[in-house]
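As a plain string of letters, each chain reads:
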Protein chains: 2
Amino acid sequence: MKRTKRLAILGSTGSIGAQALDVVQRTHGRFEVTALAGGKNAHKLAEQVRRFQPRVVAMADAAAARTLRELIGSGGPEILDGDEGVAAVAAHPEVDFVLAAVAGGAGLRSTAAAIEAGKQVGLANKESMVLAGELLMARAAAKGVALLPVDSEHSAIFQSLAGHERAYVRRLLLTASGGPLRTVPADELPAVTPARALKHPNWSMGDKITIDSATLMNKGLEVIEARWLFDIEPRRIDIVVHPESIVHSMVEYVDGSVVAQLGVSDMRGPISYAMAFPERLQLDLPPLDLSRLGRLTFEPPDPARFPAFTLAYRALEIGGTGPAVLSGADEGAVAAFLAGRCGFTRIAQVCEEVLDAHVAEPLHSVEQALAASEWGRRQAERRVTR
Amino acid sequence: MKRTKRLAILGSTGSIGAQALDVVQRTHGRFEVTALAGGKNAHKLAEQVRRFQPRVVAMADAAAARTLRELIGSGGPEILDGDEGVAAVAAHPEVDFVLAAVAGGAGLRSTAAAIEAGKQVGLANKESMVLAGELLMARAAAKGVALLPVDSEHSAIFQSLAGHERAYVRRLLLTASGGPLRTVPADELPAVTPARALKHPNWSMGDKITIDSATLMNKGLEVIEARWLFDIEPRRIDIVVHPESIVHSMVEYVDGSVVAQLGVSDMRGPISYAMAFPERLQLDLPPLDLSRLGRLTFEPPDPARFPAFTLAYRALEIGGTGPAVLSGADEGAVAAFLAGRCGFTRIAQVCEEVLDAHVAEPLHSVEQALAASEWGRRQAERRVTR
């Protein structure tokens, strides 16, 4: 019998968090939900508390924490609040594994707290690596912490690197669905509405990441993430558009051999892989049936229509605070787009302008990375409304 | 610097052997060709002797060995002959790695000799595993010998298993090109000529294996090979037709994750992987460009038009001498087809009849396996000409 793994799920009220809890339910007794943390959705967290009986919970939003206290009443778990509360959950002494699934830059502090506490970390918060990948990888190495990717692409690369000598890696090939606008002609893109850009063909995700998928900025941010997670030069990370999202990503070796990981488009696969590593769980998800799918297609990404991904390579070249600024600028620009305050193609333009305006500094702290991201976000807000 | 690996190439005058020598030439100094063995083609072996200066060579055919002695003259390598000569080459004390690339059942004795001599073996002779997989795997385990697959499919599975726990394997998925007759309607198959069946779309191989590819018997024999090489139950080995031959094979794990190995259709990839294992060599072959390929397609195998592969599962169920008899029957039937003595669809029918007529025995020696195969071959010859 395997020992029950004690989980903290940060961002449990979000899409990844909810799917992680589904994995817990499908694998009776394999995991214990020791701690949960959410942002603002007190009602959803209250429901999760009733079902999973964690020992401690946190809400980033103090008002939501108060609501949660009212909903739960006495006799329930300890309820913390604020970023400090979420960080305390991440570092809780009774937790073995932290699923870092807080959305956006807000996730960085709790990821850092989990690493400092020496927890095994499942990394679903992209911004942790994008804003401060270099710092976090150094701290993880110092603490002997395994950072397990949860993004389907990075999980695929992790699985395709297993058992093969790193010295023989030639390229990482990140696959991209191409998003909901892949086939939209260039001249129609400026008029694309948020509703249209939110219709992702394969993955059900949050709004921000779905828009990032439409602009291909998401793939750019994943390039940055891969650069740090796998300690590989950016020029050796390529993107290939693969609309069916079945090949989750690939590794090309020096002899031309390519190892790939494939699966149905269901985030419970990579989530459970990180949660159970080095085990694999039987989730009874529908198996991949390539004969029924019939075909997988591939095409190069189009930087003319979707230039956002190229900015990620530029941000990495700039280095230091560059990627954090790009991430913040994108948060600001996407929020503006979703609020109807700018057009679709303006997102990448604004990001580029902000990156151009930034004077990068070497990165030495998480707080500095967050400040750079916040600067990028505000710069984007300002430029959007011009 | 890596130590020069000393090779014996058995079947050097064949297609796989010649490609292995090309790998040697592309990786200056990495390998030394210590020994070569061929069947009948004395002129080709003489040319290889001049170029690679081996210390010992053998020809299975005694007359060909005499011709070779005349061609080479004095001062050249020691020249052995007969099956014993080839086996002596396989067991030569100065050899580190034996590439077992003799075609057909004839390869079994020399593979066994290499294993008994404790050599690392690159296994390109399918029949070794088909005829006597259970025996050879037990001997390899006893001798601590690594058997490295050279078939592109088995190399792909080997690469897709690396670094992953065997306990979590759900299925092996062997890909099949479908061969040159994949799209030919059932009613046209009986009249297919050898010339038509020999036109393989992706791979340039010997005649026997190309016909086996057209009947899908080749895939059946690979199922048998995989069953022993990877010690997995036949019901957990599936076949997927994949006409582009880019995905060389796959492993499905219990969590639904599929790990695959891909590459261009060039046998120098898997040959070099086995030769250099655990290293990977830079061969400067054209890289895989999925965006340029555009699409990969998949379909189930059609047992109605191509029933031969189903016989492999039956032979495994029969056990003992069953697979050896099937392999021999196929050799006999394919030879008859190539000689114009039977129709295309008759190949699988004859194999089935021979398998039905066989009273299997438990397998306890290589000689017994060879005798069973020879019985199958003669039975097929007899039935074909009826």
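Trainee: Now, about the overall build of chain A: what can you tell me, with residues and values included?
Mentor: What chain A contains, in helices and strands, is 16 helices and 12 strands. What you see for chain A is a C-alpha radius of gyration of 20 Å, in line with the 21 Å of a compact globule of 386 residues. Burial analysis of chain A (386 residues in total) assigns 60% to the buried set. Long-range pairs, those at least 24 residues apart, make up 69% of the contacts in chain A with a sequence separation of at least 6. Approximately 14500 Å² of chain A is accessible, and the part contributed by carbon and sulfur atoms is 51%.

Trainee: Break down the interface of chain A and chain B for me, with residues and values.
Mentor: Taken together, the contact between chain A and chain B spans 39 residues of the former and 39 residues of the latter. Taking both sides of the interface into account, the surface hidden between chain A and chain B amounts to around 3400 Å²; carbon and sulfur atoms contribute 52%. Summed over the three residues of chain A that lose the most area to chain B, namely Asp255, Arg280 and Phe298 of chain A, the buried surface amounts to 20% of that side. Summed over the shared surface of chain A and chain B, the number is 2 salt bridges. Across the salt bridge formed by arginine 280 of chain B and aspartate 255 of chain A, the nearest N and O atoms sit 2.9 Å from each other. Where chain A meets chain B, there are 18 residue pairs in polar contact (both at pLDDT 80 or more). Looking at the side of chain A that touches chain B, the elements with two or more residues in it are strand S8 (169-176), strand S10 (247-253), strand S11 (258-262), helix H12 (290-293) and strand S12 (295-297) of chain A. By residue number, the principal contributor to the side of chain A that touches chain B is S11 of chain A, which donates 5 residues. Tallied by class, the residues present in the side of chain A that touches chain B amount to 19 nonpolar, 11 polar and 9 charged. Two elements, S11 of chain A and strand S11 (residues 258-262) of chain B, share 5 bridges in a ladder whose sense is antiparallel. Each residue of the ladder has a partner; that of alanine 260 of chain A, found in S11 of chain B, is alanine 260 of chain B.

Trainee: Explain the pairing of strand S5 (residues 97-100) of chain B to me, using residue names and the numbers behind them.
Mentor: All names here are of chain B. Alternating positions in S5 separate into two faces, Phe97 and Leu99 on one and Val98 and Ala100 on the other, with burial throughout. Sheet topology places strand S1 (residues 5-10) next to S5; 4 bridges connect them, and they run parallel. Each bridged residue has a counterpart across the sheet, and for leucine 10 the counterpart in S5 is alanine 100. The pairing of S5 with strand S6 (residues 120-123) spans 4 bridges and is parallel. Bridging from a neighbouring strand, alanine 100 pairs with leucine 123 of S6. The β-α-β motif built from S5, the intervening helix H5 (residues 107-116) and the parallel element S6 has right-handed crossover chirality.

Trainee: Before we move on, could you go through the sheet that holds strand S2 (residues 31-38) of chain A and cite the residues and values that matter?
Mentor: Residue and element names in this part refer to chain A. With parallel pairing, the 7 strands of this open sheet are ordered in space as S4-S3-S2-S1-S5-S6-S7. Both edges of this open sheet fall to strand S4 (78-81) and strand S7 (147-149), since each of them pairs with a single strand only. Geometrically, the sheet is characterised by an average inter-axis angle of 20° between neighbouring strands, direction not taken into account. Against the sheet, helix H5 (residues 107-116) touches strand S1 (5-10), strand S5 (97-100), strand S6 (120-123) and S7, its axis set at about 155° to S6.

Trainee: If you had to explain the pairing of strand S9 (residues 237-241) of chain B to someone new, which residues and values would you point to?
Mentor: All names here are of chain B. Most of S9 is tucked away: 4 of the 5 residues are buried. Sheet topology places strand S8 (residues 169-176) next to S9; 5 bridges connect them, and they run parallel. Its bridge partner lying in S9, leucine 172 is registered against isoleucine 237.

Trainee: Outline the sheet that holds S8 of chain B, listing residues and values.
Mentor: Spatial ordering of the open sheet is given by S9(A)-S8(A)-S10(A)-S11(A)-S11(B)-S10(B)-S8(B)-S9(B), a layout of 8 strands whose pairing is mixed. Looking along the sheet, the strands with just one partner apiece sit at the ends: strand S9 (237-241) of chain A together with S9 of chain B. Direction aside, the axes of adjacent strands within the sheet are offset by 20° on average. The pairing of S10 of chain A with S11 of chain A spans 5 bridges and is classified as antiparallel. Looking at the pairing, methionine 250 of chain A lines up with alanine 260 of chain A of S11 of chain A. Along the sheet face, helix H10 (residues 217-229) of chain B touches S8 and S9 of chain B and points at about 150° away from the line of S8 of chain B.

Trainee: Can you explain the packing of aromatic side chains? Please cite residues and give values.
Mentor: Applying the stated criterion to the full structure yields 8 aromatic pairs over all chains. Put simply, the rings of Phe158, Tyr273 and Phe277 of chain A pair up and form one aromatic cluster. Lying across the ring of tryptophan 228 of chain A, arginine 227 of chain A places its NZ or CZ 4.0 Å from the centre. Looking at arginine 280 of chain A, its charged tip hangs above the ring of tyrosine 253 of chain B, at a distance of 4.3 Å from the centre.

Scoring rules and cut-offs
- Residues numbered from 1 in each chain as written.
- Chains lettered and ligands numbered in written order.
- Predicted model: local features only at pLDDT ≥ 70, side-chain atom pairs only at ≥ 80, totals over all residues.
- Heavy atoms only, no water.
- Helix = DSSP H or I, 4+ residues; strand = E, 2+ residues; numbered from the N terminus.
- Rg over C-alpha atoms; globule rule 2.2 N^0.38 Å.
- Buried < 20%, exposed > 50% of the residue type's maximum accessible area, 1.4 Å probe, protein only.
- Contact = heavy atoms within 4.5 Å.
- Areas by Shrake-Rupley, 256 points an atom, 1.4 Å probe, with all protein chains shown as cover.
- Buried area = accessible area lost by both parts, 1.4 Å probe.
- Salt bridge = Lys/Arg side-chain N within 4 Å of Asp/Glu carboxyl O.
- Polar contact = N/O pair within 3.5 Å; in protein donor to acceptor, adjacent residues only side chain to side chain.
- Nonpolar A, V, L, I, M, F, W, Y, C, P; charged D, E, K, R; others polar.
- Pairing = 2+ DSSP bridges.
- Right-handed = clockwise from strand over helix to strand, strands pointing away.
- Axes fitted to C-alpha atoms, helices over the stretch in contact; angles between N-to-C directions.
- Phe/Tyr/Trp six-rings, centres within 6.5 Å; stacked < 30°, edge-to-face > 60°.
- Lys NZ or Arg CZ within 6 Å of the ring centre and 35° of its normal.

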